Amino acid sequence: MSWTSERFARIKAWEASREFNDFIDDEAIHQTINEAKNPSKERVLAIIEKARNNATKGDMLSPEETATLLNITDRALWDEVFKAATYIKEEVYGNRIVLFSPLYISNPCVNNCQYCGFKSSNDSMSKKTLNHEELEEEVKALLDAGQKRLIAVYGEHPKSDYNYIAQSVRTIYATKKDNTEIRRVNINAAPMFEEEYQAIKAEGIGTYQVFQETYHRATYEKMHPKGTLKGEYDWRLFALHRGLNAGLDDVAVGVLFGIYDWKFEVLAMLHHAMDLERVFGIGPHTMSFPRIKRTSDTDLSEFPYAMSDEDFMRVVAVIRLMCPFTGTILTAREEPELRDEMLKKCGISQMDAGTNIGIGGYKKHEEGNDLSIQQFAIGDHRGIDEFILSLIKEERLPSFCTSCYREGRTGCDFMPLAKNASIKHLCIPNGILTFKEYMRDYASPEVKRIGERIIIPKYLGMLRENMPLLADKVEDMLHGLEHGKNDCHL
Ligand code: SAM
Ligand code: SF4
């Protein structure tokens with residue numbers, strides 16, 4: 001209790017002296033949505049055209065333009081949005097999908113978020129914080145499956161405070177198996193003070209992710225009981241501002257869809273991105289859109305804003321048009337069929353694969369959902385190799401690239417490359433190289449066959465057409481990989 005009350009008092013003191021201006025005006029957001037109702041076809045097509053042109057300019061759509069797209073009712077116009085989402089994604093990043101796995105490290109939590117299986121009042125959850133050896137075992141299991149990129153996830157608790165988080169990141173990077181290692185650790189953890197961010201940054205974290213869950217204050221209060229740390233809306237709203245102030249390079253936003261009106265949430269997320277741009281000159285590195293799923297003690301019928309698959313797809317496509325330079329993450333919360341369809345239509349750039357969100361789940365390797373150790377049920381249980389097979393059958397390029405972060409292309413150095421759409425000239429070669437390394441060390445015969453015969457020649461050929469010198473370099477590096485080199489990247 002004393003850890004929580006001391007922290008609570010410090011948070012209150014921070015809020016009382018907050019130096020950042022509020023950027024969420026509930027009424028103004030609702031008004032923008034209402035005023036954009038029943039848009040004309042001409043207006044919608046003009047906005048879609050503008051979004052396509054923004055792909056190489058790095059501009060975001062305005063709240064009014066985004067609200068107009070969200071208000072489309074005509075199916076044929078939605079098809080135009082989907083086409084534009086695919087175009088923009090390919091223009092900025094190319095046809096590669098970056099793969100990662102979530103690693104749930106600690107689930108005790110002092111908060112009581114209504115939608116979450118880790119909530120403190122949930123007695124059916126078995127609570128566990130991985131120790132050093134258990135964490136190493138999880139990392140080794142992920143390395144055995146071919147993974148190189150993780151997002152480490154923690155409940156908010158004294159057992160998993162910033163010191164524990166820093167230590168766990170150190171353990172992950174230090175764990176080796178068969179001469180390989182995890183090369184990028186992103187973090188999803190509760191908001192922190194600036195000196196705490198500095199401590200975890202010192203361990204070399206990649207992107208730091210905090211989802212606001214809902215930007216709607218009244219709903220936020222309902223979901224996050226007063227008196228809990230997470231009940232402090234402003235503390236969370238400015239978590240990423242504090243992080244960037246403290247020197248974090250890349251930060252990521254997200255909304256938990258299903259707890260409030262999705263049109264409101266998309267516009268609020270845009271205001272968040274605009275404010276980060278305004279204050280720090282860089283927008284969010286990624287945007288996430290988890291949809292609420294069942295837990296061991298959640299009755300989903302209590303959440304009246306459940307979102308249909310169709311609306312979900314539309315929202316994700318609009319997010320791509322709204323913010324062309326930002327990575328978008330579609331997680332294994334969703335079923336394989338929906339994920340596959342969204343890959344075709346919604347301009348997704350990152351996905352998790354081989355996902356197991358049970359604490360200690362990768363080592364245990366049990367099939368299906370075990371809600372006594374999971375935060376929520378996931379829908380896609382495909383292993384990494386099976387997932388990759390589904391990507392390459394569609395001639396997409398799977399990528400385990402971690403090079404921007406390791407070459408210092410982060411924050412203000414990364415954004416211009418994404419904004420003028422030149423980042424794909426690095427994404428594609430690095431995708432080719434990391435996929436080759438995966439095939440050499442882990443792939444099934446079928447993935448190897450399609451990869452070597454179709455995927456590598458296809459993407460290398462495209463590179464040769466546009467950038468022959470770079471293609472020569474990549475080909476040299478591919479030879480290096482064939483002769484035992486590791487971790488070749490640009
Ligand atoms: N405790 C940290 C925090 O609150 O920021 C980490 C968050 S949690 C481990 C990761 C995310 O999972 C949450 O931010 C929330 O958006 C999402 N989540 C929670 N409950 C969920 C549910 N029932 N279904 C789907 N996603 C959920
Ligand atoms: Fe704790 Fe995060 Fe779950 Fe809320 S969402 S109960 S803060 S783990």
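Sequence order as written defines the numbering, with residues in each chain counted from 1. Here chains are named by letter from A upward and ligands by number from 1 upward, in the order in which they appear as written. With the structure being a predicted model, the display of local features is reserved for residues of pLDDT at least 70 and the display and counting of side-chain atom pairs for 80 or more, all residues being used for whole-chain, interface and lining totals. Remark: hydrogens and water are excluded; side-chain values derive from all non-hydrogen atoms of the structure.

**Some points on the site of ligand 2**
Taken together, Cys109, Asn111, Cys113, Tyr115, Cys116, Phe118, Lys119, Gly155, Lys230 and Gln375 make up the full set of residues near ligand 2. Asp, Glu, Lys and Arg are counted as charged, while Ala, Val, Leu, Ile, Met, Phe, Trp, Tyr, Cys and Pro are counted as nonpolar; the rest, among them Gly, fall into the polar class. Split into classes, the residues belonging to the shell around ligand 2 amount to 5 nonpolar, 3 polar and 2 charged. It suffices for a single heavy atom of a residue to lie within 4 Å of a molecule or strand for the residue to be listed as near it.

**Observations concerning the environment of asparagine 430**
Only runs of H or I of at least four residues qualify as helices and only runs of E of at least two qualify as strands under DSSP, and these elements are numbered from the N terminus. For asparagine 430, the position within the fold is in helix H19 (residues 424-441). The buried label goes to any residue with under 20% of its type's maximum accessible area, the exposed label to any with over 50%, and the partly exposed label to all in between, with areas taken from a 1.4 Å probe on protein chains only. Using a relative accessible area of 1% as the deciding quantity, one classes asparagine 430 as buried. Along the sequence, asparagine 430 and phenylalanine 400 sit 30 residues apart, while their C-alpha atoms lie 8.2 Å from each other. In this description, contact between two residues means that some pair of their heavy atoms is separated by no more than 4.5 Å. Non-local contacts of asparagine 430, meaning those with residues more than four positions away in its chain, are made with Cys401, Ser403, Arg409, His489 and Leu490.

**Structural notes on the nonpolar core**
Among buried residues, those of type Ala, Val, Leu, Ile, Met, Phe, Trp, Tyr and Cys that are joined through side-chain atoms within 4.5 Å constitute a nonpolar core. Formed by 164 residues in total, the largest nonpolar core has its most connected members in Ile172, Ile187, Tyr215, Leu321, Ile432 and Phe435. Residues within four places of phenylalanine 435 in sequence aside, it is in contact with Ile388, Ile392, Leu397, Pro398, Val447, Gly451, Ile455 and Ile456.

**Some points on the site of ligand 1**
Taken together, 20 residues lie around ligand 1, and Tyr115, Glu213, Lys230, Arg236 and Lys293 are the ones closest in. Note that a nitrogen atom of ligand 1 is positioned 3.2 Å from one of the backbone N or O atoms of tyrosine 154. Burial of ligand 1 by the protein chains amounts to 96% of its free accessible area of 570 Å². Of the residues that constitute the shell around ligand 1, the class distribution is 10 nonpolar, 4 polar and 6 charged. Polar contact is the term for a pair of N or O atoms within 3.5 Å; when the atoms are in protein, one must be able to donate a hydrogen and the other to accept it, and sequence-neighboring residues count only if both atoms are side-chain atoms. Only the protein chains shown count as cover for residues, with accessible areas throughout obtained via the Shrake-Rupley method and a probe of 1.4 Å.

**Remarks on the packing of aromatic side chains**
Under the pairing criterion, centres of Phe, Tyr and Trp rings, with the six-membered ring standing for Trp, must be within 6.5 Å; the plane angle then separates stacked pairs below 30 degrees from edge-to-face pairs above 60, leaving the rest tilted. All told, the structure shown has 16 aromatic pairs when counted by the stated rule. Centre to centre, the rings of tryptophan 78 and phenylalanine 82 are 6.5 Å apart; their planes meet at 35°, and the pair counts as tilted. In this pair, tryptophan 78 and phenylalanine 82 are both assigned in helix H5 (residues 75-93), 4 residues apart and thus about one turn of the helix distant. Across the pair, phenylalanine 82 and tryptophan 78 agree in class, each one buried. Relative to tryptophan 235, the ring of phenylalanine 193 has its centre 4.6 Å away and its plane inclined at 50°; by these criteria the two rings are tilted. Remark: tryptophan 235 occurs in helix H10 (residues 233-237) and phenylalanine 193 occurs in the loop between strand E5 (184-188) and helix H8 (194-201); sequence separation between them is 42 residues. Of the residues examined, tryptophan 235 reaches a relative accessible area of 2% and is grouped as buried.

**Here's the deal with the pattern of salt bridges**
Counted as salt bridges are all cases of a side-chain nitrogen of Lys or Arg within 4 Å of a carboxyl oxygen of Asp or Glu. The final tally for this structure, using the stated rule, is 41 salt bridges. Measuring nitrogen to oxygen at the nearest pair gives 2.8 Å for the salt bridge that ties aspartate 309 to arginine 291. Here aspartate 309 is found in helix H13 (residues 309-322), whereas its partner arginine 291 is found in the loop between strand E8 (286-288) and H13, with 18 residues between them in sequence. Its relative accessible area of 41% is what places aspartate 309 among the partly exposed residues. Residue classification places arginine 291 among the buried positions, given a relative accessible area of 7%. Residue arginine 382 pairs with aspartate 380 through a salt bridge whose shortest N-O separation is 2.7 Å. Neither residue differs from the other here; arginine 382 and aspartate 380 are each classed as buried. Taken together, the shared-partner salt bridges in this structure form one network comprising Lys176, Glu181, Arg183, Arg406, Glu437 and Asp487.

**Quick word on H19**
With 18 residues, H19 should reach 26 Å at 1.5 Å per residue; the first-to-last C-alpha distance of 25 Å fits that figure. The element H19 is largely enclosed, with a buried count of 15 among its 18 residues. Any helix carries an expected span of 1.5 Å times its number of residues minus one.

**So, the side chain of serine 403**
Tracing the sequence through the fold places serine 403 in helix H17 (residues 403-406). With a relative accessible area of 0%, serine 403 lands in the buried category. Once residues lying within four places of it in the same chain are set aside, the contact partners of serine 403 are Arg409, Asn430, His489 and Leu490.

**Remarks on the packing of helix H20 (residues 445-466) against helix H21 (residues 468-482)**
Each pair of packed helices gets described by two things: the angle between the helix axes and the distance between those axes. A fitted line through C-alpha atoms represents every axis, and for helices the fit uses only the stretch in contact; the resulting angles, taken between N-to-C directions, go from 0 to 180 degrees. The interhelical angle for the contact between H20 and H21, taken along N-to-C directions, is 145°, at an axis separation of 6 Å. Note on element contacts: H21 touches H20 through Pro468, Leu470, Ala471, Asp472, Val474, Glu475 and Leu478, opposite Ile456, Leu460, Leu463, Arg464 and Asn466. Residues of the contact of H20 with H21, tallied by class, amount to 8 nonpolar, 1 polar and 3 charged.

**Topic: the domain arrangement of the chain**
Either an automatic procedure or a domain database provided the assignment from which the domain bounds are taken. Assigned domains of the chain: these are domain 1 (2-23 + 96-382), domain 2 (26-87) and domain 3 (418-482). Its C-alpha centre places domain 1 at a distance of 27 Å from the equivalent point of domain 2. Taken together, the contact pairs 31 residues of domain 1 with 27 residues of domain 2. Buried area: the accessible area, evaluated with a 1.4 Å probe, that two parts lose upon being put together, summed over both parts. Interface area for domain 1 against domain 2, summed over the two sides, is near 2500 Å², with a carbon-plus-sulfur share of 74%.

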